[in-house]
Every structure is written in structure tokens, then in C-alpha cells.
Amino acid sequence: MPSLPPPGDSKPALNRAVSIVVPTFREAENIPVLAERIEAALSGRGGEWELVLVDDDSRDGSEVVVEDLSQRLPVRMEVRRDPPRDLSLSVLRGIALSRFDRVVVMDADLSHPPERIPDLVRALDGDCDMAVGSRYAPGGRIDRGWGLWRHLNSFGATLLARPLTACSDPMSGFFALDRRVLPDLARLRPVGYKIGLELMVRGRLRVTEVPIGFSDRARGTSKMNLRQQMNYLRHLKRLYLHRFGGLARVLSFGAVGASGFVIDLAFYLGLQALGLEHRLARFLSFWPAVSWNWWLNRRVTFDDRPWQTPVRQWVRFVIASSVGLGVNVGGYLVLTGFVAVFARHPLLAFFLGIALGGAFNFLISTLYVYRWHSASKGDSGRDSSARPDPGSPRSEH
Ligand SMILES: Nc1nc2c(ncn2[C@@H]2O[C@H](COP(=O)(O)OP(=O)(O)OP(=O)(O)O)[C@@H](O)[C@H]2O)c(=O)[nH]1
Ligand SMILES: [Mg+2]
């Protein structure tokens, strides 16, 4: 509950008042512990606080738990009863509903230590718009239980966001800001879980970092899944488009191509390890790689393009990729055969061939495979922007 400021503290009370916004989905077990720990962390600090939970109609008893807590703590819950279920929209709703301008956003599962809230809020007094609780800032740490795969996953996801922000933990869901610095909330377009990244990039916020110890969820079930990871890639592409314009599509196409190369190589080596002859392994490894590239480009690079029948589009992509390979290898042969400098340095021709083949693929993909208007009758009028996106949490109710 609000308490008196410590003696000698001259900060205006309103500056210390803070709303803590927490999106929840089936967190009935965690809410009481979260509220108690927030109360313990903020009680001696002075200034009012409130906990605003925005729940996506969990129906797990959360509302009763909050009703009970609200008898003695400044806790309230807004329940979003209409689909779509959406973490980021819940956070935006919570920010809009907050009584105070200084807002802290955090998860309910106690991964984020409530004890760091005062430090996050205090950091806003400095020269910044947003204070991010960071696992990777000096002094930050994560649970020891993380395996190699989870570390790699987190490292890769952080690396992909690097061109957008210098923040060491851009995927953090634990941050403080003054909502008056935010752009119009209605114009934000977050896809998936990373609302902090959305705010810092679209709002062009100056970020400071506060190291935190991150604990794994002890109770309740995770809502993170492969679908959310795909959404993260789609979200990144939108932010890249926002920041870098058309170059973002080229970068996305290149990154998808690079990931396809890894799949190609893995199958090529894996099939040989299973005893297949190397030429057969080479022939077979092409198919999973090209299919992966087609799918990922469909879901990420060109996810804003009109819907097309998958099989037909896949065939077109395979043809375009095959011709692209021809341009790549053909370019190599022509350059090394007829241009003296490339004859002396074939490695240069190798890279130039890849660049030519890649550019060809990109052009054909943009103009033909994932084109804006579908020529065939059956495809016309099926606009991806008009249909519910199967990869979005919006369809997950
Ligand atoms: N309102 C709302 N909250 C959600 C939704 N999905 C997740 N949350 C909440 O968002 C916070 C983060 O979700 P988590 O499931 O912990 O996701 P995570 O932290 O990426 O994954 P783990 O901690 O590994 O389980 C938690 O407080 C969840 O209850 C949703 O669709 N709507
Ligand atoms: Mg969590």
C-alpha cells in the first residue's frame, strides 16, 4: 500500500508513483506471490503504486484471486473477453489503463525480480526514455538450468535485433518508461511477444539498462512455442521494414537463403552418414533446403503478399531456384572462362556467381513467386491482409 516517503527524500510524490502492468494468461498460482513481492519491494520506497493485470480470459480462478488480493493491496484486473488473445495488446491496454505515467511492464511468472522495480524506475530520472531489465548487461544473470540450445536460441534472437537497437537484451519483457514519451499506441503493430522491442524501435526511445537476475518460471505453464518464435521473425521483419525500408526484404531473403544453406549442408552430410552415395545425398538435400526457403519466405519475407495455393507457389519457387542456381554456376563458368582476372582468382567468381544467382532469385521471387497480384482465377482476391493469420496469436484463442 502507499506509504510515507522516507525522511529527507525531496522527489515530488507523483514522480515516484508507478503503475506495474502485467499481462496474464492462466497465472492464478503466480499472482499472489507476485503481488506480495511487489508490495515488499515498494513499501519502504514512498510514492503510490498499483498493479494492473490484463488477463486474456484465463478462467482459472485468477479473477477470484485478484478480488481477494484487492482487499488489502492496490491490485486490479482487466479481463479481455473478446479474442484475439494477445500479450502485446494486453500490455498496451494496461499502459492505457494505468493511473500513473510511470509504468513498469513485467511478466507474472516471477522470472523478473520485483525487487528490481525501484532501480528501473529510478533509472528513468537519468537521461533516458526507457529502462530495460537486462540479463546480459554487466552484473545480469540467467538461471543455471539453461541448456546449450536455449542459450543459442536467445543469442541468435538477440543478434537478429542488433541492427535495430543497441540494447543488450532487446527481447526483455521487464522495462520501465514514462508513457508520455510513447508514440500513439493505436499506431503500433506488434506481432507476438516482444512489445518492449516494438516500443523502443518505433518510439525511437533512448534506452538504459539495469542488470537483473532472470529466473525460470517455477509455476504454471509456458505460453512460448514455435509459433511465437515465427512471430518474432515476422515482427523483426516489420521493424526492419520500418527502419530500413525495402532493404529489409533483401536482408530477410538473404538470411532465409543462409538458413537454407545450413539445412542443405546438414542433409548432405547426414544422408552420407546414413550410408548414401554423395551424389545421391547432394540431389536429395536440395529438396528440404528449397522447401524450407520457400516456406520461410512465404511466412516472413513476403508475409504481406497475397495468399497463393501452397503447392503451385512451391513449384514456382523450385523452378526459380533451379534457374537461379543455373545463373550462379553459369556466371561462374563464364567469368572464369572469359575474364582474365576471374580466371586468376576463381574464388572471386565463386562469390560473384552466388551474388548474381541470389539477385536473380530475389527478383523472380518478388515479381513472380510471391507477387502482389495473382494471375490465376482461384487465387485472386485472397489477400493475406484480409484473412486471419494462422501464425498469429490472434487465432490462438
Ligand atoms: N494477456 C495475455 N498474457 C499472456 C499471453 N500469453 C502469455 N501471457 C503472459 O505474458 C507473460 C509471459 O509469458 P510466458 O509464458 O512466461 O512466456 P515466456 O516468458 O516467453 O516463456 P517461459 O517463461 O519460458 O514460460 C506471462 O505473464 C504470461 O501470463 C496472452 O496471450 N495474453
Ligand atoms: Mg516467462
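Residues numbered from 1 in each chain as written. Chains lettered and ligands numbered in written order. Predicted model: local features only at pLDDT ≥ 70, side-chain atom pairs only at ≥ 80, totals over all residues.

(A) A look at the overall build of the protein. When helices and strands are tallied, the protein shows 13 helices and nine strands. For the protein, the spread of C-alpha atoms along the three principal axes comes to 85 × 50 × 45 Å. Taken over 397 residues, the protein has a buried fraction of 36%. (Helix = DSSP H or I, 4+ residues; strand = E, 2+ residues; numbered from the N terminus. Buried ≥ 20, exposed ≤ 12 C-beta atoms within 10 Å, placed from the backbone.)

(B) View of the nonpolar core. Grouped together as the largest cluster of nonpolar side chains are 64 residues, with contacts concentrated most on I20, V21, V104, M130, A131 and A176. Counting contributing residues, this core receives three or more from each of domain 1 (13-244) and domain 2 (247-394). Not counting the four nearest positions on each side in its chain, A131 is found in contact with L120, A123, L124, F175, A176, T208 and V210. A289, V290, W294 and I364 belong to the second largest nonpolar core, which has ten residues in total. (Core = buried A, V, L, I, M, F, W, Y, C linked by C-beta atoms within 7 Å. Domains from an automatic or database assignment. Contact = placed C-beta atoms within 7 Å.)

(C) Looking closely at unusual backbone geometry. In this structure, R59 is a non-glycine residue whose phi angle is positive, near 55°. Within the secondary structure, R59 sits in the loop between β2 (49-55) and α3 (62-69). Judged by C-beta crowding, with 11 C-beta atoms within 10 Å, R59 ranks as exposed. Here the phi dihedral of R204 falls at roughly 50°; this positive angle occurs in a residue that is not glycine. Structurally, R204 is set in the loop between α7 (195-202) and β8 (207-211).

(D) Representation of the packing of helix α9 (residues 247-273) against helix α10 (residues 278-301) within the structure. In contact at an axis separation of 7 Å, α9 and α10 are set at 150° when each is read in the N-to-C sense. One way to sum up the angle between α9 and α10 is to call them roughly antiparallel. For α9 against α10, the interelement crossing comes out right-handed. (Axes fitted to C-alpha atoms, helices over the stretch in contact; angles between N-to-C directions. Parallel < 35°, antiparallel > 145°, perpendicular 65-115°, else oblique. Left-handed = near helix turned anticlockwise from the far one by under 90°.)

(E) Examining the sheet that holds strand β5 (residues 130-134) more closely. Ordered by their spatial adjacency, seven strands build an open sheet running β3-β2-β1-β4-β7-β5-β8, and the pairing between neighbours is mixed. Here the strands that pair on one side only, and so sit at the sheet edges, are β3 (75-79) and β8. For this sheet, the mean inter-axis angle between neighbouring strands, taken without regard to orientation, is 20°. The pairing of β2 with β3 spans five bridges and is classified as parallel. Bridging from a neighbouring strand, V52 pairs with R76 of β3. Across the sheet, helix α2 (residues 31-42) is in contact with β1 (18-24), β2 and β3; its angle to β2 comes to roughly 160°. (Pairing = 2+ DSSP bridges.)

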